[in-house]
Amino acid sequence: MARFRKILPIILMIWPYVFFVHEYFEYKSAHNFFTVYVILTIVVYVLNIVNALTYPKDKVNDLAFYDMLIKFVHIPFFLLIFGTGLLLLFAMVVPALIFFSPLMIMILATINYLLMITSSMYGISAVVRLEQSGRLEKGKGLIYLVLHLAFVVDFLSAVSLYRRGFGESENKCLHIARRPLRIKLEYSNWGLCLC
């Protein structure tokens, strides 16, 4: 069971990119692939949500790490969908696309948001467990929860949460390409500050 728990976040990391495999099939096969992909997407999302919510309570750092890593790997996919949405928005000057483009933009936004919420469940679960253990104040926990529900800042919140999961006394940071990534998310009366 422990291996299955570690495999599910990896499957979620690569899952959006599996969709592009349909380009290698003929039209009829691609239609079948799309149907199977949609059904398996629901299964993968549900399994990951259940995994995040039932993860062992002493593995908060793992939850925060998976949250951050999944969000980092999904950045190119989100940028691709955002770019496609912008193209559809600009294509609305063509009269034939004036009804098609808004529909496609809504579908793409829904797909993006469902993927973001599914990956955020690891961070939300980590926040709840950090609050329960007393390692995170309720007010800051609420900020993390809200930030995990919005595009772009969910990644910043995930990195900050991962850092907090280690505790301030250990002063550990995430090393990417031999450079430390130090992101500090602070809250004041003036709003959020990314230092």
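To start, this report covers the structure provided alongside it.

Cut-offs and rules
Residues numbered from 1 in each chain as written. Predicted model: local features only at pLDDT ≥ 70, side-chain atom pairs only at ≥ 80, totals over all residues. Heavy atoms only, no water. Axes fitted to C-alpha atoms, helices over the stretch in contact; angles between N-to-C directions. Helix = DSSP H or I, 4+ residues; strand = E, 2+ residues; numbered from the N terminus. Parallel < 35°, antiparallel > 145°, perpendicular 65-115°, else oblique. Left-handed = near helix turned anticlockwise from the far one by under 90°. Contact = heavy atoms within 4.5 Å. Nonpolar A, V, L, I, M, F, W, Y, C, P; charged D, E, K, R; others polar. Buried < 20%, exposed > 50% of the residue type's maximum accessible area, 1.4 Å probe, protein only. Core = buried A, V, L, I, M, F, W, Y, C linked by side-chain atoms within 4.5 Å. Salt bridge = Lys/Arg side-chain N within 4 Å of Asp/Glu carboxyl O.

This next bit is on the packing of helix α1 (residues 2–18) against helix α3 (residues 60–90). Packed helices, taken two at a time, are described by the angle between their axes plus the distance between the axes. Packing of α1 against α3 brings their axes to within 8 Å, and their N-to-C directions diverge by 10 degrees. It follows from the interaxial angle that α1 and α3 lie roughly parallel. As for how α1 packs across α3, the hand of that crossing is right-handed. Across from Lys6, Pro9, Leu12, Met13, Pro16 and Tyr17 in α1, the residues of α3 making contact are Tyr66, Leu69, Ile70, Val73, His74, Pro76 and Phe77. A breakdown of the residues in the contact of α1 with α3 according to their chemical character gives eleven nonpolar, one polar and one charged.

This paragraph deals with the environment of Met106. As for its placement among the helices and strands, Met106 is situated in helix α4 (residues 100–133). In this structure Met106 comes out as exposed when scored by relative accessible area, which is 55%. Along the chain, Met106 and Gly85 lie 21 residues apart, while their C-alpha atoms are 8.9 Å from each other.

Counting residues in hydrophobic clusters, the biggest one holds 36 residues, and the most contacted among them are Leu12, Tyr45, Ile70, Leu115, Tyr122, Ala126 and Leu161. Elements that contribute at least two residues to this core include exactly α1, α2 (27–53), α3, α4 and α6 (153–165). Here this core takes ten residues from α3, the largest share from any one element. If we skip the residues at most four places from it in the chain, Leu161 touches Ala64, Asp67, Gly123, Ala126, Val127, Leu130, Tyr144 and His148.

Right, let's get into unusual backbone geometry. Peptide bonds are, in most cases, trans, and in most cases residues other than glycine have a negative phi. Of note, Val152 is a non-glycine position whose phi angle comes to about 70 degrees, a positive value. Along the chain, Val152 falls in the loop between α5 (138–147) and α6. The class for Val152 is exposed, based on a relative accessible area of 64%.

Here Leu69 is to be found in helix α3. A residue is classified by how much of its surface remains accessible, and Leu69, at 27% relative accessible area, is partly exposed. A sequence separation of 59 residues divides Leu69 from Ile10, and the C-alpha atoms of the two residues are 9.3 Å apart.

What follows deals with the pattern of salt bridges. In this structure the tally under the stated criterion is two salt bridges. We note a salt bridge from Asp154 to Lys71, for which the minimum N-O separation is 2.9 Å. You can see Asp154 sitting in helix α6 and its partner Lys71 sitting in helix α3, a full 83 residues away along the chain. Asp154 gets classed as buried once you look at its relative accessible area, which sits at 5%. Notably, a salt bridge pairs Lys140 with Glu137, separated by 3.7 Å at the nearest N-O pair. Since its relative accessible area comes to 39%, Lys140 is described here as partly exposed. We classify Glu137 as partly exposed; its relative accessible area is 43%.

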